[in-house]
Amino acid sequence: MKDEPGSTNLFMKLDSVFIRKEPFGLVLIIAPWNYPVNLVLVPLVGALAAGNCVVLKPSEISQGTEKVLAEVLPQYLDQSCFAVVLGGPQETGQLLEHKFDYIFFTGSPRVGRIVMTAAAKHLTPVTLELGGKNPCYVDDNCDPQTVANRVAWFRYFNAGQTCVAPDYVLCSPEMQERLLPALQSTITRFYGDDPQSSPNLGRIINQKQFQRLRALLGCGHVAIGGQSDESDRYIAPTVLVDVQETEPVMQEEIFGPILPIVNVRSVDEAIEFINRREKPLALYAFSNSSQVVNQVLERTSSGGFAGNDGFLYVSLLSVPLGGVGHSGMGRYHGKFTFDTFSHHRTCMLTPSGLEKLKEIRYPPYTNWNQQLLRWGMGSNSCTLL
Amino acid sequence: MDPFEDTLRRLREAFHTGRTRSAEFRAAQLRGLGRFLQENKQLLHDALAQDLHKSAFESELSEVAISQGEITLALRNLRAWMKDERVPKNLATQLDSAFIRKEPFGLVLIIAPWNYPLNLTLVPLVGALAAGNCVVLKPSEISKSIEKVLAEVLPRYLDESCFAVVLGGPQETGQLLEHRFDYIFFTGSPRVGRIVMTAAAKHLTPVTLELGGKNPCYVDDNCDPQTVANRVAWFRYFNAGQTCVAPDYVLCSPEMQERLLPALQSTITRFYGDDPQSSPNLGRIINQKQFQRLRALLGCGHVAIGGQSDESDRYIAPTVLVDVQETEPVMQEEIFGPILPILNVRSVDEAIEFINRREKPLALYAFSNSSQVVKRVLTQTSSGGFCGNDGFMHMTLASLPFGGVGASGVGRYHGKFSFDTFSHHRACLLRRPGMEKLNALRYPPHSPRRLRVLLVAMEARGCSCTLL
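Here the residue numbering is sequential within each chain, running from 1 through the sequence in written order. Chain A is the first chain written and ligand 1 is the first ligand written, with later ones labelled in order. A pLDDT threshold of at least 70 governs which residues receive local features in this predicted model, and a stricter bar of 80 or more applies before side-chain atom pairs are shown or counted, although totals over entire chains, interfaces and linings include all residues. With hydrogens and water excluded, all non-hydrogen atoms of the structure serve as input to the side-chain values.

J.: Which residues make up the UniProt feature "domain: Aldehyde dehydrogenase" (unreviewed entry) in chain A, and what are the values?
T.: On the UniProt side, "domain: Aldehyde dehydrogenase" (unreviewed entry) is annotated at positions that read residues 16-345 of chain A here. Starting at the N terminus, helices and strands are each numbered in turn, a helix being any DSSP run of H or I of at least four residues and a strand any DSSP run of E of at least two. Taken end to end, residues 16-345 of chain A comprises 33% helix and 22% strand; its first and last C-alpha atoms sit 14 Å apart. UniProt positions are given in the numbering used here, feature names are shortened, and annotations may be inferred rather than shown by experiment.

Structure below.
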């Protein structure tokens, strides 16, 4: 919250200059259903810390959590400054017609456009945490079992319903040969022979998402998994191979426990493939060679990047979480959240007297005035005063 | 036939080659900008004089010097700004490399206004180029002379595969905005700001909007009227009032008004002489449309000082209006001219209430000998920027962010803030491919003990760890 001092030039040595953090006012947070507590509370922390009043619109799809947020959470906050509003797309559309001083949205790019368009009518600043297809390049030079462990854990966590999960793998056919048995071994170790009975595997949020994912199981060939159970909204940890770029599983963000492997012949081809597509929220590269990892990092762009692991960086509060291009705009976590929900106001306090010092800037102008002013404005450290 | 298609494609292709990424390339562009200013100084001064009747002093101070200062600052700090920012790590990532990398967005569009047509084009351009972007510049068609220089002379100083100037009016700009950009930087009115942001939303393009508003200027009873008159007048009539951060109207008590008016008259006479129209130090209104709009405002309240105008010269005298009602046009729109209305309030509280009933302005001013009064206005209002006891000097400091809030704008820039505005800050974590045993803790099947250990490892402590 503290004012941040600024540096002055020669003419302002006697002034006090600082950046003051101020709340915007009325903040709207629209949260999704996949991490319905985290993706509500973490932005909320920032909005409250920055001194705003908050309207929270939790997802109507994660009904269990929505109920707790609507009925229990307000009891813990000053309800004159906080409210939970409920509803589906229609109510949210109505809500967005109102003027807010900041809107924080987590969800799909399609709805992100709707939110930003609504915000534009009121010139409301926004943070949009969206999504994309997060590529995962696996180099020939790496240990398949280690890679399988890491990729599988981040892919199947929350039954794949994670905006930063590796969405698809890019590797050579040779690497694919070594990766598949390693992935099978990992999946068995994680979830047992019958993953549906493992307490450690999540379920798909609702029927609509389940049907969408079940349809994707028809793309390419199932190499691992592929089972599903509608009554349980269960989809087995699945790996697809022989997938074409034009198939649905490579056209939309998967957001489920399905991992397609697409073949490339080199890291250059992988980078080219990645750069032909929208900038993702996260990008992963696995290789024993730090040179290869750095090459992928340098020649691509994404919200965030991890070499040789999955989205662990999201747990590091000293780095910002945010997208770029279609994966989003703005960022948060830790201090970044506070700064997101604050207006940084530049302030200068000048003494009311000492007018003689200011007279140099007044007309009628002379060359002398001009020279002195220019010199004074350009300098940052003053030996005269 | 879309006139922009080819240009935009060419620039995008150039960006994909990676040409703009190196510090050497960016520095070369910045030095090119510097040479553009130095080698064409007279040409630029003449163009500014033609467009806005700017004196050499104003041109130098508010257009050339500010732009040059930004170029110099960027050149000096480029490598430091470009550097990966190392960040503190938690226990789980102690052995890893964690940093924030600054990357260009790609293709940036800068739409510039006519009032400071050099400054408000070059300063954002410095940031966009320093950040490694390819840039499309759309200068204002209203400041015709500068537009010509920017279109014909400026590109020669930059790598034209990565930079283009496009020309046109509202219709062409609308067409331009249908295309996809990776960042849009707009300076202009809130009305057009909405149009820009709506167009950007279709492509999920981030924006910075530097807009405007009516900047209040509270003058306390406890101050020296002559000092206040000097300061307010200078910032109000600079560039004939066509400044987004100029004090737009004064709020003071009737008693203060009594003392302020003669002081303002004295100041105006000292600044511009008995016949301001013949002073070389007073600007002119940019065009007939703005002139007509301003002349109509002269009918609001009563003219206490000035009030003269000359259509053939697009001249409006430095004017002060009194007995102005809040409902009159002069209090309904941003004035953007050399007219200063004074409204009466009975106390600082009433002034604050008045200010808070209206949209958040780009700048806010409070004059008082009492720092308590100044602080009160500061803490009980919001605005893009604030200055106590002076005008918009705060925005000449490149170390401070310049931007609006609410209807006065979104985002900020100047100095490093420009670089950051035009960069994507990418979180990066480089882990080792081995040491898999350490990761085993997080894999299923899970246990409460493992969870406890994991939670400790994730905690955000700057950890000097005695366990390892």
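J.: Describe the interface of chain A and chain B, with residues and values.
T.: A common measure of how large an interface is: the accessible area buried when the components associate. Any two residues whose heavy atoms approach within 4.5 Å are treated as being in contact. Counting from both sides, the interface comprises 96 residues of chain A and, opposite them, 102 residues of chain B. Taken together, both faces of the contact between chain A and chain B bury some 8000 Å²; the carbon and sulfur share is 59%. By definition here, a salt bridge exists when the distance from a side-chain nitrogen of Lys or Arg to a carboxyl oxygen of Asp or Glu is within 4 Å. Along the contact surface separating chain A from chain B lie eight salt bridges. As a salt-bridge pair, Asp309 of chain A and Arg442 of chain B come within 2.7 Å of each other at their nearest N and O atoms. Definition of a polar contact: a pair of N or O atoms within 3.5 Å, with one able to donate and the other able to accept a hydrogen when the atoms are protein atoms, and with sequence-neighbouring residues admitted only if both atoms are side-chain atoms. Summed over the shared surface of chain A and chain B, the number is 47 residue pairs in polar contact (both at pLDDT 80 or more). Ranked by residue count, the leading element in the side of chain A that touches chain B is helix α4 (residues 109-121) of chain A, at eight residues. Polar here means any residue outside two lists: the nonpolar Ala, Val, Leu, Ile, Met, Phe, Trp, Tyr, Cys and Pro, and the charged Asp, Glu, Lys and Arg; Gly therefore counts as polar. Across the side of chain A that touches chain B, the residue classes break down as 42 nonpolar, 36 polar and 18 charged. When DSSP finds at least two bridges between two strands, those strands are taken to pair. Summarising the sheet, strand β18 (residues 342-349) of chain A and strand β16 (residues 385-388) of chain B pair through four bridges and their orientation is parallel. Computed with a 1.4 Å rolling probe, the buried area is the accessible surface lost when two parts are put together, summed over both parts.

J.: Can you lay out the packing of aromatic side chains for me, pointing to particular residues and giving the numbers?
T.: All names here are of chain B. Pairing of aromatic rings covers Phe, Tyr and Trp, the last counted by its six-membered ring, and requires centre-to-centre distances within 6.5 Å; plane angles under 30 degrees mean stacked, over 60 mean edge-to-face, and any other angle means tilted. Summed over the entire model, instances satisfying the criterion amount to 30 aromatic pairs over all chains. Ring centres of Phe235 and Phe392 lie 4.6 Å apart, and the angle between their planes is 75°; this geometry places the pair in the edge-to-face category. In this pair, Phe235 is assigned in helix α9 (residues 225-237) and Phe392 in the loop between β16 and β17 (409-410), connecting sequence segments 157 residues apart. Think of it in three bands: residues with accessible area under 20% of the maximum for their type are buried, residues over 50% are exposed, and the middle band is partly exposed, with areas taken using a 1.4 Å probe on protein chains only. On the basis of relative accessible area, Phe235 is assigned to the buried category, the value being 1%. Take Phe392: its relative accessible area is 9%, and that puts it in the buried class. Aromatic side chains Phe238 and Phe392 sit 6.5 Å apart centroid to centroid with 85° between the ring planes, which places their arrangement in the edge-to-face category. Of the two residues, Phe238 sits in the loop between α9 and β9 (249-252) while Phe392 sits in the loop between β16 and β17, which places them 154 residues apart along the sequence. Of the two residues examined, Phe238 and Phe392, each falls in the buried class.

J.: A description of the environment of Cys217 of chain B should follow, citing residues and the corresponding values.
T.: All names here are of chain B. Inspection of the secondary structure assignment puts Cys217 in strand β8 (residues 216-219). Note on Cys217: relative accessible area 0%, which makes it buried. Separated by 150 residues in sequence, Cys217 and Phe367 have C-alpha atoms that sit 7.6 Å apart.

J.: A description of the sheet that holds strand β9 (residues 168-171) of chain A should follow, citing residues and the corresponding values.
T.: Strand order across the open sheet formed by ten strands is β10(A)-β13(A)-β14(A)-β9(A)-β8(A)-β15(A)-β16(A)-β18(B)-β2(B)-β1(B), with mixed pairing between neighbours. In this open sheet, the two strands that pair with only one neighbour each are β10 (221-224) of chain A together with β1 (85-86) of chain B. For helices, the fitted line uses only the C-alpha atoms of the stretch in contact; every axis is such a line through C-alpha atoms, and the angle between N-to-C directions lies from 0 to 180 degrees. Against the sheet, helix α8 (residues 267-275) of chain A touches β8 (135-138), β9, β14 (258-263) and β15 (282-286) of chain A, its axis set at about 145° to β9 of chain A.

J.: I'd like a rundown of the nonpolar core, residues and numbers included.
T.: To form a nonpolar core, buried Ala, Val, Leu, Ile, Met, Phe, Trp, Tyr and Cys residues must be joined to one another through side-chain atoms within 4.5 Å. Of all hydrophobic cores here, the largest spans 105 residues; its most connected members are Phe36, Leu125, Leu154, Val219 and Trp234 of chain B. Broken down by element, the residue count for this core peaks at ten residues, all from helix α4 (residues 56-82) of chain B. Beyond its immediate chain neighbours, meaning those up to four positions away, Leu125 of chain B contacts Leu33, Ile110, Val135, Leu154, Leu158 and Phe163 of chain B. Grouped together as the second largest cluster of nonpolar side chains are 73 residues, Val27, Tyr102, Val147 and Cys171 of chain A included.

J.: Residue-level account of the confidence of the model for chain A, with values.
T.: Residue-level confidence of the predictor is summarised by pLDDT, bounded by 0 at the bottom and 100 at the top. On average, residues of chain A score 94 in pLDDT, and 96% of them reach the 70 mark or higher. Under a pLDDT of 50 for its full length, residues 380-385 of chain A has, in the predicted model, eight contacts with residues more than four places off or in other chains.

J.: I'd love a proper account of the UniProt feature "active site" (unreviewed entry) in chain B, names of residues and values included.
T.: Residues and elements named next belong to chain B. If you check UniProt for "active site" (unreviewed entry), the listed places come out as Glu210 and Cys244 in our numbering. A compact arrangement is adopted by the annotated residues: their sequence extent is 35 residues, whereas the largest C-alpha distance between any two is 9.0 Å. Along the polypeptide, Glu210 turns up in strand β7 (residues 207-210). If we skip the residues at most four places from it in the chain, Glu210 touches Phe185, Phe186, Thr187, Gly188, Phe402, Gly403, Ser408, Gly411, Arg412 and Tyr413. You can see Cys244 is positioned in the loop between α9 and β9. If near-sequence neighbours (up to four positions away) are discounted, Cys244 is found in contact with Asn115, Leu211, Asn215, Glu334, Phe336, Leu362 and Phe402.

J.: So what about a nonpolar patch on the surface? Which residues, and what values?
T.: Residues qualify for a patch when their relative accessible area is over 30% and they have no salt bridge, like charges being joined within 9 Å and the nonpolar side chains of Val, Leu, Ile, Met, Phe, Trp and Tyr within 5 Å. Here the Shrake-Rupley method, with its probe set to 1.4 Å, supplies the accessible areas, and only the displayed protein chains count as covering residues. Together, Leu14, Leu354 and Leu357 of chain A make up an exposed nonpolar region whose accessible area comes to about 310 Å². With respect to the helices and strands, the residue Leu354 of chain A is situated in the loop between β18 and α11 (355-358).

J.: Break down unusual backbone geometry for me, with residues and values.
T.: Of note, the bond from Pro363 of chain A into Pro364 of chain A is cis; its omega dihedral lies within 30 degrees of zero at -5°. Mapped onto the elements of the fold, Pro364 of chain A is located in the loop between α11 and α12 (367-378). The residue after Pro444 of chain B, namely Pro445 of chain B, is reached through a cis peptide bond having omega -5°. Inspection of the secondary structure assignment puts Pro445 of chain B in the loop between α15 (436-439) and α16 (448-458). Of note, the phi angle at His333 of chain A is positive, near 100°, even though the residue is not glycine. Among the structural elements, His333 of chain A can be located in the loop between β17 (328-329) and α10 (335-340). Among the residues examined, His333 of chain A registers a relative accessible area of 7% and is labelled buried. At Asp323 of chain B, a residue that is not glycine, the phi angle is positive and equals roughly 55°. For Asp323 of chain B, the location among the structural elements is in the loop between β13 (319-322) and β14 (339-344).

J.: Go over the sheet that holds strand β2 (residues 16-23) of chain A, please, and point to the residues and values.
T.: A sheet is described by the order of its strands in space; here ten strands give the open sequence β1(A)-β2(A)-β18(A)-β16(B)-β15(B)-β8(B)-β9(B)-β14(B)-β13(B)-β10(B), paired in mixed fashion. Of all strands in the sheet, those bounded by a partner on one side alone are β1 (4-5) of chain A together with β10 (302-305) of chain B. Here three bridges tie β10 of chain B to β13 of chain B, and the two strands are oriented antiparallel to one another. Its bridge partner being in β13 of chain B, Ile305 of chain B is matched across the sheet by Val320 of chain B. Where α9 of chain B meets the sheet, it contacts β8, β9, β13, β14 and β15 (363-367) of chain B, and its direction lies at approximately 135° from that of β14 of chain B.

J.: Residues and numbers for the domain arrangement of chain B, please.
T.: Residues and elements named next belong to chain B. According to the domain assignment, chain B consists of domain 1 (4-212 + 412-424) and domain 2 (216-402). For each domain, the first and last residues come from an automatic or database assignment. For domain 1 versus domain 2, the distance between C-alpha centres works out to 30 Å. Contact residues are listed per partner, giving 27 residues for domain 1 and 26 residues for domain 2. Carbon and sulfur atoms supply 60% of the area buried between domain 1 and domain 2, which totals about 2200 Å² over both sides. Run the count over domain 1 and domain 2 and you get zero salt bridges.

J.: Describe the UniProt feature "domain: Aldehyde dehydrogenase" (unreviewed entry) in chain B, naming the residues involved and giving the relevant values.
T.: Feature annotation in UniProt assigns "domain: Aldehyde dehydrogenase" (unreviewed entry) to the following positions: residues 9-424 of chain B. Secondary structure across residues 9-424 of chain B comprises 42% helix and 17% strand; the distance between its end C-alpha atoms is 21 Å.

J.: How would you summarise the packing of helix α2 (residues 23-39) of chain B against helix α5 (residues 119-130) of chain B if you had to cite specific residues and measurements?
T.: Packed helices, taken two at a time, are described by their axes: the angle between them and the distance between them. All names here are of chain B. Between α2 and α5, the shortest axis-to-axis distance is 9 Å and the interhelical angle comes to 160°. Comparing their axes, α5 and α2 come out roughly antiparallel. Where α2 crosses over α5, the handedness of that crossing is right-handed. From α2, Arg26, Gln29, Leu30, Leu33, Phe36 and Leu37 reach across to α5, where they touch Leu122, Leu125, Val126, Leu129 and Ala130. Here the contact of α2 with α5 is composed, by residue class, of nine nonpolar, one polar and one charged. Between 65 and 115 degrees an angle is taken as roughly perpendicular, under 35 as roughly parallel, over 145 as roughly antiparallel, and anywhere else as oblique. By convention, the crossing between two helices is left-handed when the near helix turns anticlockwise from the far helix through less than a right angle, and right-handed when the turn is clockwise.

J.: Account for the confidence of the model for chain B, naming residues and giving values.
T.: Residues and elements named next belong to chain B. Scored by pLDDT, chain B has a mean of 95; 98% of the residues are at 70 or more. Below a pLDDT of 50 lies the segment residues 462-468, which in the model reaches five contacts outside its immediate sequence neighbourhood of four places, other chains included. Two summary scores accompany this predicted model of the complex, namely pTM at 0.96 and ipTM at 0.95.

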